[in-house]
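# A structural walkthrough
Chain by chain, the residues:
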Amino acid sequence: MIKLTKFNGDSFSFNAIYIEQIQSNPDTTITTTSGRTFLVKESEEEINNKIIHFYRKVGLFKVVDKAGEDTI
């Protein structure tokens, strides 16, 4: 789960696995795999960083260091 902020200032947790698309025009809109959309305060770049951190935390995304060994 990643923590995001609604425009009214309320924060909520969002399951990043269900994110299909993120757009900035200029507000950030998240579209889920089921077609629902959410407007959030965070930038597209912030959300992408949170998703990468979440994927690493749950083991869906591993980093390969320069020596070729897996690291978390």
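Structure: see above.
Values in this document were obtained by computation on a predicted structure and should not be read as measured data. Throughout this document, residue positions are counted from 1 along each chain, in the order its sequence is written. Predicted model: local features are reported for residues with pLDDT of at least 70 only, side-chain atom pairs are reported and counted for 80 or more only, and whole-chain, interface and lining totals are derived from all residues. As a rule here, side-chain values come from all non-hydrogen atoms in the structure, and water together with hydrogens is ignored.

To continue, consider the side chain of Glu42. We count a stretch as a helix when DSSP gives it H or I for four or more residues in a row; a strand needs E for two or more, and each element gets its number in order from the N terminus. If you trace the backbone, Glu42 turns up in the loop between β5 (37–40) and α1 (44–58). This buried residue, Glu42, is left without a salt bridge; Lys50 holds the nearest opposite charge, at 4.5 Å. For the purposes of these results, a polar contact is taken to be a pair of N or O atoms within 3.5 Å, where, inside protein, one atom must be able to donate a hydrogen and its partner to accept one; residues adjacent in sequence count only when each atom of the pair is a side-chain atom. Of note is the side chain of Glu42, whose polar atom sits 2.7 Å from the side chain of Thr5. Think of it in three bands: residues with accessible area under 20% of the maximum for their type are buried, residues over 50% are exposed, and the middle band is partly exposed, with areas taken using a 1.4 Å probe on protein chains only. By the counting scheme adopted, Arg and Lys are positive, Glu and Asp are negative, and His together with the chain ends is not counted. Salt bridge, as used here, is a side-chain nitrogen of Lys or Arg placed within 4 Å of a carboxyl oxygen of Asp or Glu.

Let's shift gears to the sheet that holds strand β4 (residues 28–32). Spatially, β3-β4-β5 is the arrangement adopted by the three strands of the open sheet, whose pairing is antiparallel. Since the sheet does not close on itself, it has two edges, and those belong to β3 (19–24) and β5, each with one partner. Recorded for the sheet is a direction-independent mean angle of 20 degrees between the axes of neighbouring strands. Whether two strands pair depends on DSSP finding at least two bridges between them. In the sheet, β4 pairs with β5 via four bridges, with the strands oriented antiparallel. Note that in β5 the partner of Ile30 across the bridge is Phe38. By the convention used here, residues are in contact when the closest approach between their heavy atoms is within 4.5 Å. For helices, the fitted line uses only the C-alpha atoms of the stretch in contact; every axis is such a line through C-alpha atoms, and the angle between N-to-C directions lies from 0 to 180 degrees. Across the sheet, α1 lies against β3, β4 and β5, angled at about 155 degrees from β3, the strand it touches most.

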